[in-house]
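# Topology and contacts: notes
Below, each chain spelled out in residue letters.
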Amino acid sequence: METVSALAEPLKKTVGGTTAKVLADHLDLHTVGDLLHHYPRRYAERGELTRLAELPLDEHVTVVAQVADARMLTFNRGRGQRLEVTLTDGSGRLQLVFFGRGAYAHEKKLLPGRRGMFAGKVSVFNRKLQLAHPDYKLLDEDSGQEEVREFAGALLPLYPAVKQLNSWKIEQAVATVLTSMEAIGWAGLADPLPVPLREGRGLLPLGEALRAVHRPASWAEVHAARARLKWDEAFVLQLALARRRANEARLPAVPRTPSDDGILAAFDARLPFTLTEGQRRVSGEIFADLATAHPMHRLLQGEVGSGKTMVALRAMLAVVDAGGQAALLAPTEVLAQQHHRSVVEMMGELAEGGMLGGADHGTKVVLLTGSMGATARRQALLDLATGEAGIVIGTHALIEDKVRFHDLGLVVVDEQHRFGVEQRDALRAKGRQPPHLLVMTATPIPRTVAMTVFGDLETSVLDQLPAGRSPIASHVVPAADKPHFLARAWERVREEVAGGHQAYVVCPRIGDDEPATAGDAGAARDAGEEGADGAERRPPLAVLDVAAELAAGPLAGLRVEVLHGRLAPDAKDDVMRRFAAGEVDVLVATTVIEVGVNVPNATAMVIMDADRFGVSQLHQLRGRVGRGSAPGLCLLVSEAPEGGPARARLAAVAATQDGFELSRIDLEQRREGDVLGQAQSGARTSLRMLAVIEDEDVIAEARAEATAVVTDDPALERHPELRTALDALLDAERESYLDKG
């Protein structure tokens, strides 16, 4: 039997039908290869004490610990028995509880001093962490001296497990599979790494790495196996992306070169400021791409307020100069309307092409959203079809079948994470030839993640703030420890308003009748963090409650308004218009203000329950102030205890203005799946070993190697093992997440 086909063998042939069904149903593992790529999440040593202090609530865990004491208690007037066992590991304590007559059998085994592996779901009872009726395996039970000595130096693999199948049962299934693979000598195993690459980097052969990661004889073997398997994942991933880039480069596109005396030159001439060096550099990169005969695919990322919209608008005007049309796709109607307003303001008479008083080489700038009236919508569609409108700004309504362009030359996408490959293809199909593509993101992304998530896009970075932008002072307000600090925060808001400025107050929730929303990108990650001792966390603060309290209390007499996602589009627009016009002093809002809102007169922001937001999101929100000549102030209000991880995150935000550094901190604290898995696409990530931030050198080197292979052999005809590996590790569903970003 060939080993290649052995990896594709259904698990039931090796581990039996019952175990195979549980592996398939609960861990999505179907073949021998799937199970061999289900790696241990860590290893326990005899004598090693697992940190019980870090157990996550409501998750199924396996711990290695020692019995400190065991007590049999009675209840219900002596008719019921309950065995309570306390485990310790030096960092914390965990209680096991067993009910019923079987408790006596456990009492005889779980004697003080015995060590074992214990598996179960972590819950809280009487403010103590506990496992109810856990599975367990005593490590030295029934062991002869020789077995104990042999075990003393061994590493115990602990696997990601589920209630239906604990770690040591997964270990038994893996052992069965390894034995069958070793029996056929791993012969003919398709190794995805080309031999020169593997040997040049001193990496283990694949079979040896799989054996060592599951049955390591030493930590050195673990490290060698992990190094090899990380390279597999990075290389295969970058290979898929390199092939995507190569395929895109072969598509035809119309070169778009601006004229010396066209609309772009007229726009630049009327700018009341000079572009930053960064804006000029990035514009040069974009113009060079637009002038080529294959489609531009570029990611424009940058700091909050770094001027990405200006760069994108100049790119759109360059395409209009060259006779084409440009579409700007925004994720929400509010943002589309704001983009439309700001573009029309920046262009002035140049946005009134064909209209009385419009400039000679002006063009029409139209808005297209789902909630537009029928008459306005008909006119916008007509302007697009005839070419009268050179620029259209809209939501996903732009992708609908009835939208026709005269000559679509450039698509600009704002906030890539809301825009999938299907939409990209739908817009691309609206051009006579594939249009150029510019993707903008307001979240600074570490280079590693950009290479991995946006690997088919070239990257431009704006890391310089325009002249005249003011620094933002950020401070943590510890509301629980020092309530007078919060009172002072509201005084500061009043001082800013008295000085002729305005303020935002941001809350995670709209009101009592709905769950927490936008801020919970951070909250989901932090859930249970401060409540791990069993203390209940109060619900997140809500816009409607906070606005009412402020208007009646510390901000009485000021003009306080609310803004949130459940307001009607017209009402949202009205509130934002009045705030921008200075008719509102304090805007109490959800994260609906996170991107695109530009009110230079707003100088202060108070973020309530700041610990319930992610690091990058706090930085994003903070960027709404300090947009004019007056300095900005951001106050991060939190009841999180001092010394905890939530307060450490807030201190990091307060300590630096560098969004790229904060983004690294944010991503290092997330699970890998948040970066590349379900949160991004709904498809399971194929990365099981690679840590995106930690392994950035491997990812960068793998990108270079993969690009070289694809350049030399685009169809991988001379690398059949690589084609096999691509099919096995990146099936169609998993590969699609690469597009979605």
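Let me begin by describing the structure that accompanies this report. In this text the structure is predicted, and so the values were computed from the model without any measurement. (Residues numbered from 1 in each chain as written. Predicted model: local features only at pLDDT ≥ 70, side-chain atom pairs only at ≥ 80, totals over all residues. Heavy atoms only, no water.)

What follows covers the overall build of the chain. Scanning the chain from terminus to terminus reveals 29 helices and 21 strands. In the chain, which comprises 741 residues, the share counted as buried stands at 52%. For the chain, the share of sequence-separated contacts (at least 6 apart) that also reach a separation of at least 24 residues comes to 75%. (Helix = DSSP H or I, 4+ residues; strand = E, 2+ residues; numbered from the N terminus. Buried < 20%, exposed > 50% of the residue type's maximum accessible area, 1.4 Å probe, protein only. Contact = heavy atoms within 4.5 Å.)

Here the focus is the packing of aromatic side chains. All chains considered together, the criterion is met by four aromatic pairs. Where Tyr504 meets Phe579, the ring centres are 5.0 Å apart and the plane angle is 55°; that geometry is what we call tilted. Taken as a pair, Tyr504 in strand β17 (residues 502-506) and Phe579 in helix α21 (residues 569-580) lie far apart in primary sequence, 75 residues in all. Comparing Tyr504 with Phe579 shows no difference in burial state: the two are buried. One aromatic cluster is present, built from ring pairs that chain together Phe98, Phe118 and Tyr136. (Phe/Tyr/Trp six-rings, centres within 6.5 Å; stacked < 30°, edge-to-face > 60°.)

Let us now look at the pattern of salt bridges. Using the criterion set out here, one finds 34 salt bridges in the structure. The closest approach of N and O atoms between Glu694 and Lys230, which form a salt bridge, is 3.5 Å. Of this pair, Glu694 sits in the loop between α26 (678-681) and α27 (696-712) while Lys230 sits in helix α10 (residues 219-249), placing them 464 residues apart in sequence. For Arg488, the salt bridge is made with Glu495, and the minimal N-O distance between the two is 2.8 Å. (Salt bridge = Lys/Arg side-chain N within 4 Å of Asp/Glu carboxyl O.)

Okay, helix α22 (residues 615-622) next. Most of α22 is tucked away, with eight of its eight residues classed as buried. Turning to α22, its buried residues are Val615, Ser616, Gln617, Leu618, His619, Gln620, Leu621 and Arg622.

Another aspect to go through is the environment of Leu381. Among the structural elements, Leu381 can be located in helix α15 (residues 374-386). As a C-alpha pair, Leu381 and Arg404 span 23 residues in sequence and 7.1 Å in three-dimensional space. The residues contacting Leu381, other than those within four sequence positions of it, are Leu368, Lys402, Val403 and Arg404.

Generally speaking, a soluble globular protein has its nonpolar side chains buried in company with each other. Ranked by internal contacts, the top residues of the largest apolar core, which has 52 residues, are Trp231, Phe235, Leu239, Leu368, Leu384 and Val392. Sort the elements by how many residues they give to this core and α10 lands first, with seven residues. Leaving out residues up to four positions away in the same chain, Val392 has contacts with Ala326, Ala327, Leu328, Val366, Leu368, Leu384, Leu398 and Phe405. In this structure, Leu204, Ala209, Leu210 and Val213 belong to the second largest nonpolar core, which totals 36 residues. (Core = buried A, V, L, I, M, F, W, Y, C linked by side-chain atoms within 4.5 Å.)

As a further point, take helix α14 (residues 333-347). Taking 1.5 Å per residue as the helical rise, α14 with its 15 residues ought to reach 21 Å, and the 21 Å between its terminal C-alpha atoms agrees with that figure. Regarding α14, the residues found buried are Val334, Leu335, Ala336, Gln337, Gln338, His339, His340, Val343 and Met347. Positive phi shows up at Gly348, right after α14, with a value of about 60°. (Expected span 1.5 Å × (residues − 1).)

On the basis of which strands lie adjacent, the open sheet formed by seven strands has the order β11-β12-β10-β13-β14-β9-β15 and parallel pairing. Two strands close off the open sheet at either side, each with one partner strand: β11 (364-368) and β15 (458-462). In this sheet, adjacent strand axes meet at a mean angle of 20° when their direction is disregarded. Taken together, the five bridges between strand β9 (residues 297-302) and strand β14 (residues 436-441) define a ladder with parallel strand orientation. Residue His297 lies in a different strand from β14, and its bridge partner there is Leu437. (Pairing = 2+ DSSP bridges. Axes fitted to C-alpha atoms, helices over the stretch in contact; angles between N-to-C directions.)

Next up on the list: the sheet that holds strand β18 (residues 560-563). Across the sheet, six strands lie side by side as β16-β21-β20-β17-β19-β18; this open sheet has parallel pairing. Each edge of the sheet is formed by a strand with only one pairing partner; in this case those strands are β16 (472-478) and β18. Along the sheet, successive strands turn relative to each other by an average axial angle of 20°, direction set aside. Bridge count for β17 against strand β20 (residues 602-607) is five bridges, and the pairing is parallel. Residue pairing across strands places Tyr504 opposite Met605, the latter belonging to β20. Strands in contact with α22 are β16, β17, β20 and β21 (632-638); relative to β20, the strand with the most contacts, it is inclined by about 150°. Against the sheet, helix α23 (residues 645-655) contacts β16 and β21, and its axis sits at roughly 160° relative to β16.

In this section: the packing of helix α13 (residues 308-321) against α14. Packing of α13 against α14 brings their axes to within 12 Å, and their N-to-C directions diverge by 70°. With respect to α14, the element α13 is oriented roughly perpendicular. Of the two possible hands of crossing, α13 and α14 adopt the one that is right-handed. Side by side, α13 and α14 meet where Thr309, Met310, Leu313 and Leu317 of the first sit next to His339, Val343, Met346 and Met347 of the second. Residue classes in the contact of α13 with α14 are distributed as six nonpolar, two polar and no charged. (Parallel < 35°, antiparallel > 145°, perpendicular 65-115°, else oblique. Left-handed = near helix turned anticlockwise from the far one by under 90°. Nonpolar A, V, L, I, M, F, W, Y, C, P; charged D, E, K, R; others polar.)

In this section: the pairing of strand β3 (residues 80-88). For β3, the tally of buried residues reaches seven of nine residues, placing the bulk of the element in the interior. With seven bridges joining them, β3 and strand β4 (residues 93-99) adopt antiparallel strand pairing. Across the sheet, the residue bridging to Leu87 is Leu94, located in β4.

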